[in-house]
Amino acid sequence: MEIRRRYSQKLDDLKLEVLRMAALTESALTKALQGFFERNSDLAEEVVVGDQEIDLLEVEIDKRCLRLLALEQPMARDLRFIIGCMRVCVNLERIADQAVNIAERALYLNQRPQLSYQPLVEQLAAISQEMLKKSISAFNNARASEAAEVCAMDDAADELNEKILRHFIDYMVAEVRAVERAVYSIIVARCLERCGDLATNVAEAVVFIVEGVDIKHYCKP
Amino acid sequence: MLKNLSFRSRLLLSFWGVIFLALLLPAIYYRQTLSQDIEDDTRSNAIHQLNTAFWLLYLEQPFQSAASLQEWCKTLGDHLGTRITYVARDGTVIADSQVSFSRVTAMDNHANRPEIIQAYKEDFGTSSRYSTTLGKHLIYSARKTNGRGAIPSGVIRVAVPFSEVKRRLDNLSKNFVLAIVVTLLATIFLSYILVRQLEIPIRRMIRAAQAVGSGNYRERIRRYPGKEFSPLAQAINQMAESIETQVQTITEQKQQLEAILNGMTEGVMVLDSGGRIKTTNKALGKIIPDLPTSMGRRPLEVIRSHELQKACDQVIGGNYGPESQPSRLEIVLDLGRVFDVNIVQFGDREEGIGAIVVFHDISELKRLERVRQDFVANVSHELRTPLTSIKGYAETILNEESKGSDSAGDFLQIILKHANHMSKMVDDLLHLARLEAREQPPESVAVNALDGLHSAWKACAALAGEKDMKLENLLPKEGVLVRADSEQLEQVFRNLLENAVRYTPPGGIVTVSSDPGPRMVTFQVRDEGPGIPIQDQTRIFERFYRVEKDRTNHKGSTGLGLAICRHIIQNHGGKIWLESPPQGKTTGSAFFFTLPLAPNKR
């Protein structure tokens, strides 16, 4: 009984660590976007520096998962949970890297004159953040329905990214002086779109944990 | 073993024990004595008869043959009702009263019968035995005789049946066993009734005690089976009473605590030693939407803030002591809400260290602080820009004058323009201050909003004409009657239209429409400008707040227009807000404001 209790405590701790990483990632993305939209270079700088903590956490979670797999021989749902945690944290780490990319673009753009207001980028940012938030919440509450919502949002993100690309190409044609800034903005949009994709991966891992079906690349539970 | 038996069985068993002892011992004693007496009596009877037969044998003439002895035996036996046997010295039976003469010779040798052996030894012998010849229990008595005539010397024996008495005695024992069985059965019934009488009140006591145990502390034991049980009943009653009062006290304290917790505007979360949420209060529901599911989870699982989790872990894992300082941190949650979080240790070493986490919403404080800081920075900046220009041009004019140049006129124009701008700004500020202080309560007269719109558009006409812009007026032809101060209404329209014209690209259209409700009417001023970023939308009504951070190009506005609009509308009891981009559009923004409708004149 005691062994059983300690084992479930270990699984609980693992979940908490993943959530910790998720919280850090989410705040990194938020800060990077604040740095970009509000032209706040301090926040962007924080994201670039803070990425190391997330990287270390990923390694730590990986170690934990491996130890659990090797020592406890988990079965069924527990096994899926551990594998799922590994997938989630790989994707979270990549999202954090995208946040760093955005922050670096922001650091550059903030030194240049501001481009005109870009509501499309803002919308894309909102969608990506919402997707990340939802996928983490789905993981936290083990709710496959929430994960499915994340998958459904991905199309909207892709579409917006496409629109932004076209908009900036038009803009570059008209305004040659702003080509560099426009390209950087396109990169930011591209990063956001990638964040959405990665959040979808997290959601897929959640569906794998909860329902035991692998919906990779289909995203139809 | 007895302990496991029920009260009823124990009572029954003891009853039975007593009955056995009381009935069986005397019965056995009496039976023993009685059968001894009967045997003795029969024996003496047998001896008596033997002596009679012996005497009669002597009186008789000497027998000529064994047959005549047989005849005599038979006659005497019939008269005495006994069996008389004559056995010769060698053990052969010569005559027997109950066996025919022809069969006498076939009888067993009787020499080894105990009574006969005893008779030869002591002249006289008795014995009680079961006779195989007659199939009866008999008492034998025998006496040695001398032979006379044809009869050899031998033993004369008399057998008295003992079986009649014995049978009655056996019958008696049988009846006696039956009596015992009946008594025992009766005892079962009796003990059942007795136990039942005891059982019903005891059951009642048990029920009362159980009721107290299961939470009905009002239950008392009023009747109990006997004096012996009264202390037990009293003890149970007392226990119930003290439990009742204690539960009441605890409930009251809990209710108080809950009332205090739920009455607080701050969110409170209590963590146990494992770092899991044990208690929350109602105000926390504003921070955690699904509060009921949060019990037993960890802070990070319900509030996505790693700083909070880290601080909680530190407090719970830290050393406990009265001097331990509460941990303080600020966390930013969704929608930019800022919380001041205090974490305090509680509990002790034995029961484990928990933590109390208090969330204080300081978003409004933070916002006001930022507004104030921004206002000071903005107002000084706004005033300094024209002042710098005025100063610069004035110095230039002074320099030029000495050189005798005639460009002073142009410069003076510029100085005038900046001075006008500054004076307009100061006017607006004063106006705003008056609105804020509500020095002039709006005159609530019925005004046609259409008139206000027309005069406002006229004021913007110059700028609009420059940019070749049009006003699309979607107000009803007869106008909209609202209760407002006509001058202030015009100012609201003018400010909104000015902004719309200023930010819309040349050739665009500004649309004004209205949407009457039951008591209020909603006006909409929509432009085709670039729109307003989401994070600026809540702050755009602040004084001097500008979307564009670089102030080189602010197109001649004072930055106070929207602030004035908001105050006017609020003073009229309406609301003002914006949507950017408006519903169904990708660019542009729409400003909405509401005003009370004037009662319709008929």
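Small disclaimer: the values here were computed from a predicted structure and weren't measured.

Q: Could you give an account of the overall build of chain B, with specific residues and numbers?
A: What chain B contains, in helices and strands, is 14 helices and 17 strands. The burial tally for chain B puts 26% of its 602 residues in the buried class. The long-range fraction of contacts in chain B, counting pairs at least 24 apart against all pairs at least 6 apart in sequence, stands at 58%.

Q: Account for helix α14 (residues 561-571) of chain B, naming residues and giving values.
A: Residue and element names in this part refer to chain B. Burial analysis of α14 places eight of its eleven residues in the buried class, which makes it a mostly covered element. Inspection of α14 places L562, A563, I564, C565, R566, H567, I568 and I569 among the buried residues, and these make up the whole buried set. If you follow the buried residues of α14, they end up packed against α10 (408-437), α12 (486-503), β16 (576-579) and β17 (590-596). Residue G573 follows α14 closely and has a positive phi angle near 85°.

Q: Just give me the short version of the sheet that holds β16(B), but keep the residues and values in it.
A: All names here are of chain B. Pairing is mixed in the open sheet, where five strands are placed in the order β12-β14-β15-β17-β16. Two strands lie at the open edges of the sheet, namely β12 (470-473) and β16, each paired on one side alone. Taking each pair of neighbouring strands and ignoring which way they run, the sheet shows an average axis angle of 20°. Where strand β15 (residues 520-526) lies against β17, seven bridges are found, and the strand directions are antiparallel. Counterpart to R526 in the pairing with β17 is A590.

Q: Tell me about the confidence of the model for chain B, and name the residues and values.
A: The predicted coordinates should not be examined in detail at positions where pLDDT is low. Residues and elements named next belong to chain B. Chain-level statistics for chain B give a pLDDT mean of 81 and a share of 93% at 70 or above. The lowest-confidence element of chain B is helix α3 (residues 101-104), averaging 77 in pLDDT; the highest-confidence one is β17, averaging 89. The complex prediction reports pTM at 0.57, with the ipTM value standing at 0.78.

Q: How would you summarise helix α6 (residues 230-263) of chain B if you had to cite specific residues and measurements?
A: Residue and element names in this part refer to chain B. Under the 1.5 Å per step criterion, the end-to-end length of α6 is 48 Å for 34 residues, consistent within 8% with the ideal 50 Å. Summarising burial for α6: three of the 34 residues are buried, a small minority. Among the residues making up α6, those that are buried are A233, I236 and A240.

Q: Which residues make up the nonpolar core, and what are the values?
A: Judged by nonpolar contacts, the single largest core of 72 residues is most densely connected at A:A32, A:C85, A:A99, A:L124 and A:V206. Broken down by element, this core gets its largest block of residues, 18 residues, from helix α6 (residues 179-211) of chain A. With residues up to four places along the chain from it excluded, the contact list for A:V206 reads A:G84, A:S135, A:A138, A:F139, A:A144 and A:A147. Listed in part, the 38 residues of the second largest apolar core include B:A464, B:V482, B:L562 and B:F591.

The rules behind the values
- Residue numbers restart at each chain and count upward from 1, following the sequence in its written direction.
- Here every chain gets a letter starting at A, and every ligand a number starting at 1, in the order they are written.
- Local features in this predicted model are restricted to residues whose pLDDT is 70 or higher, and side-chain atom pairs enter the listing and the counts only when it is 80 or higher, whereas totals over whole chains, interfaces and linings include all residues.
- The helix count covers DSSP runs of H or I at least four residues long, the strand count covers runs of E at least two residues long, and both are numbered beginning at the N terminus.
- Our exposure labels follow a C-beta count within 10 Å of each residue's own C-beta, placed from the backbone: buried means 20 or more other C-beta atoms, exposed means 12 or fewer, and partly exposed covers the counts in between.
- Here, residue contact means that the backbone-derived C-beta atoms of the two residues sit within 7 Å.
- In this analysis, strands are considered paired if DSSP registers two or more bridges between them.
- In this analysis, axes come from line fits to C-alpha atoms, helices being fitted only over the stretch in contact, and the angle between any two N-to-C directions falls in the range 0 to 180 degrees.
- Per-residue confidence from the predictor is given as pLDDT, running between 0 and 100.
- Helix span, expected: 1.5 Å multiplied by one less than the number of residues in the helix.
- The nonpolar core criterion groups buried Ala, Val, Leu, Ile, Met, Phe, Trp, Tyr and Cys residues into a set whenever they are joined through C-beta atoms within 7 Å.

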